Amino acid sequence: MTSGIRRLMEREFVPFVLALLIAQIWFKWGSFSLELVGFLAVWFVLGLLANILLGALKR
């Protein structure tokens, strides 16, 4: 893998898995579209938090 793809996978794998688990456990809205939007929103927030934390740890 190229370094950019590898870095992306390293940064987004944990937020992705956590968002997937959260969506599977708690999102039972009866609509695939709503659950997908919820999953993507949670993934975005977790990814943002992970990037902030990793940036703070590198300083």
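You'll find the structure just up there.
Residues numbered from 1 in each chain as written. Predicted model: local features only at pLDDT ≥ 70, side-chain atom pairs only at ≥ 80, totals over all residues. Heavy atoms only, no water.

### Overview of the nonpolar core
And step 1. In terms of nonpolar packing, the biggest core is built from 5 residues, these being Ala19, Ala23, Phe27, Phe39 and Val42.
And step 2. Broken down by secondary-structure element, the contributors of at least two residues to this core are α1 (3-26) and α2 (32-58).
And step 3. Not counting chain neighbours up to four residues away, the residues in contact with Phe27 comprise Ile22, Glu35, Gly38, Phe39 and Val42. (Core = buried A, V, L, I, M, F, W, Y, C linked by side-chain atoms within 4.5 Å. Buried < 20%, exposed > 50% of the residue type's maximum accessible area, 1.4 Å probe, protein only. Helix = DSSP H or I, 4+ residues; strand = E, 2+ residues; numbered from the N terminus. Contact = heavy atoms within 4.5 Å.)

### Here we look at the packing of aromatic side chains
And step 1. Overall, the coordinates contain 4 aromatic pairs when judged by the stated rule.
And step 2. Ring centres of Phe16 and Trp43 lie 5.0 Å apart, and the angle between their planes is 65°; on these two criteria the pair is classed as edge-to-face. Remark: Trp43 occurs in helix α2 and Phe16 occurs in helix α1; sequence separation between them is 27 residues.
And step 3. Looking at Trp43, the relative accessible area reads 27%, which means it is partly exposed.
And step 4. Seen in terms of ring centroids, Phe39 and Trp43 are 5.7 Å apart; in terms of plane orientation they differ by 35°. Their pairing is tilted. One end of the pair, Phe39, and the other, Trp43, are both in helix α2, 4 residues apart, so they sit about a helical turn from each other.
And step 5. Within the aromatic cluster, the residues linked to one another by ring pairs are Phe16, Phe39 and Trp43. (Phe/Tyr/Trp six-rings, centres within 6.5 Å; stacked < 30°, edge-to-face > 60°.)

### Focus: the environment of Gly38
And step 1. Secondary-structure assignment places Gly38 in helix α2.
And step 2. Residue classification places Gly38 among the buried positions, given a relative accessible area of 10%.
And step 3. The spacing of Gly38 and Ala50 is 12 residues in sequence and 18 Å in space, taken between C-alpha atoms.
And step 4. Not counting chain neighbours up to four residues away, the residues in contact with Gly38 comprise Phe27 and Trp29.

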